Amino acid sequence: MSAAGTTTPGTFDCRVAFAEELTALARQDRRIVAVCNDSVGSSNLVAFAKELPERLVNVGIAEQDMVGVAAGLANAGYVPFVCCAAPFLTGRALEQIKNDIAYSDYHVVLCGMSPGMAYGELGPTHHSIEDVAWLRAISNMTLLIPADPTQTRQALRWAAHTDHPVYMRIGRFPVPNVTPEGKTFEVGRAMELREGRDLCIVATGTMVSRALEAAEQLESRGYQARVLNLPTVKPLDAEALVRAAAETGRIVAVEESVVEGGTGSAIAALLAARCPVPMRILGVPEFAPTGDAAFLLDHFGLNAAGIEAAALELLS
């Protein structure tokens, strides 16, 4: 895989699918508006701005104001899609997300662009590894982490028609399409991409394709790994996760976010109460160094080899 911002054959930048789908939705629904923080280019909103200039609100570099404006638009009957680099949307405007959006239960779709360590070369100030942990703790908030362009489009369509706050990661790191033909995104539902009874790998976002690679490597060793794509972190698909734990007896959770308080923590809390099994949680354990996204993912073992190693440790 290539560094963030460039794609190799067979991989895709989910921001492109996001921008195309948002523009298509806005053509169909005059209530839809985009709100951004001087990020028209990085949010891939250039075509949206050209076609629908009256429905793009650019507040400049003022993220708290951006979320407040979105809350006001939602109160007036619009459906705002707030587009902003994930570290600044969730870090700088967390109070406004909590009080103006979630507490009021407004239909605002918060689009965290380039999440995780996609802005690797810019260092920890631009990494968004805490967003899942922060927003999991806020009531009324649905958290979506699509794995590929297909799922990004499907999740975006769902988000446009719900009535409650949504936070959605829009990945920048190039990924392959992993959604099988005919599979449809459903909020609160995991997607089983591979069968297996020896253990289960549960992955989100950029990690899903790497989980599939790890499962292939494990198969060469004689192990059958189930792979669950978890596009909805909140609410979790408790039924699929408990069934996977009961049927395989081991869980590896892998995510491009902090280990403490992230998706793996949510899964561990669920299974501790309903079906305790040995687990390994792979994620980012500390502030990341500076380097491109591909380097950083490898640095923390968030690749097929790292997932395979965690699985073999459990299997031994």
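Located above this text is the structure these notes cover.
Throughout, a residue's number is its position along its own chain's written sequence, starting from 1. Local features in this predicted model are restricted to residues of pLDDT 70 or higher, and side-chain atom pairs are both shown and tallied only at a pLDDT of 80 or more, whereas totals for entire chains, interfaces and linings draw on every residue. Hydrogens and water are ignored here; the side-chain numbers use all heavy atoms of the structure.

Colleague: Please explain the overall build of the chain as it appears in this structure.
Modeller: Secondary structure elements are taken from DSSP: a helix is a run of H or I of four residues or more, a strand is a run of E of two residues or more, and numbering for both begins at the N terminus. Of the regular secondary structure elements, the chain holds 12 helices and 12 strands. All radius of gyration figures rest on C-alpha atoms, and the globule criterion is 2.2 Å times the number of residues raised to 0.38. Scaling as 2.2 N^0.38, a compact globule of 316 residues should have a C-alpha radius of gyration of about 20 Å, and the chain matches this with 19 Å. Taking the principal axes of the C-alpha coordinates as reference, the chain spans close to 60 × 40 × 40 Å. Per-residue accessibility, obtained with a 1.4 Å probe over protein chains only, is compared with the maximum for each type, and a residue is labelled buried under 20%, exposed over 50%, and partly exposed between these values. Looking at the chain as a whole, 59% of its 316 residues are labelled buried. A total of about 12300 Å² of accessible surface is found on the chain, and carbon and sulfur atoms cover 49% of it. A residue counts as positive if it is Lys or Arg and as negative if it is Asp or Glu; His and the chain ends are not included. Here the site of a charge means atom NZ of a Lys, CZ of an Arg, CG of an Asp or CD of a Glu. For the chain, the distance from the average site of its 25 positive side-chain charges to the average site of its 36 negative ones is 4 Å. The method behind every accessible area is Shrake-Rupley, applied with a 1.4 Å probe, and residues are considered shielded solely by the protein chains displayed.

Colleague: What is the right way to look at the sheet that holds strand 3 (residues 79-85) in this model?
Modeller: Note on sheets: strands pair through backbone hydrogen bonds, and any given pair is parallel or antiparallel. The pairing criterion is simple: DSSP has to find at least two bridges between the two strands. Here 7 strands make up an open sheet; going across it, the order is 2-1-3-4-6-5-10 and the pairing mixed. This sheet does not close on itself; its edge strands, each paired only once, are strand 2 (56-58) and strand 10 (232-234). The average angle at which neighbouring strand axes cross in this sheet is 20°, direction not considered. Here strand 4 (residues 109-113) runs beside strand 6 (residues 166-170); their pairing, made up of 5 bridges, is parallel. Within strand 6, the residue paired with Val109 across the bridge is Val166. Contact definition: two residues touch when any of their heavy atoms are within 4.5 Å. Helix axes are fitted only over the stretch in contact, all axes being lines through C-alpha atoms; the angle between N-to-C directions runs from 0 to 180 degrees. The strands touched by helix 7 (residues 149-161) within the sheet are strand 1 (32-36), strand 3, strand 4, strand 5 (142-144) and strand 6, with strand 6 carrying the most contacts at an inclination of about 160°.

Colleague: Please explain empty space enclosed by the protein as it appears in this structure.
Modeller: A probe matching the size of a water molecule, rolled over the atoms, marks out where space remains unfilled. Buriedness of a pocket was judged along seven lines, with at least five required to meet protein on both sides within 12 Å; pockets are open sets of points on a 1 Å grid over the protein atoms alone, cavities are sets where a 1.4 Å probe fits but cannot get out, and lining residues have an atom within 4 Å of a point. Grid points are joined across faces, edges and corners, and a volume is the space filled by probe spheres set on the points. Applying the stated rule across the entire model yields 3 cavities of 30 Å³ or more. By volume, the largest cavity is sized at about 160 Å³. Lining the largest cavity are 19 residues; nearest its centre among them are Pro115, Pro146, Gly171, Gly205 and Thr206. In this classification, the charged set is Asp, Glu, Lys and Arg, the nonpolar set is Ala, Val, Leu, Ile, Met, Phe, Trp, Tyr, Cys and Pro, and all remaining amino acids, among them Gly, are polar. Class assignment of the residues belonging to the lining of the largest cavity gives a composition of 10 nonpolar, 6 polar and 3 charged.

Limitation: the analysis is restricted to geometry and does not speak to function.
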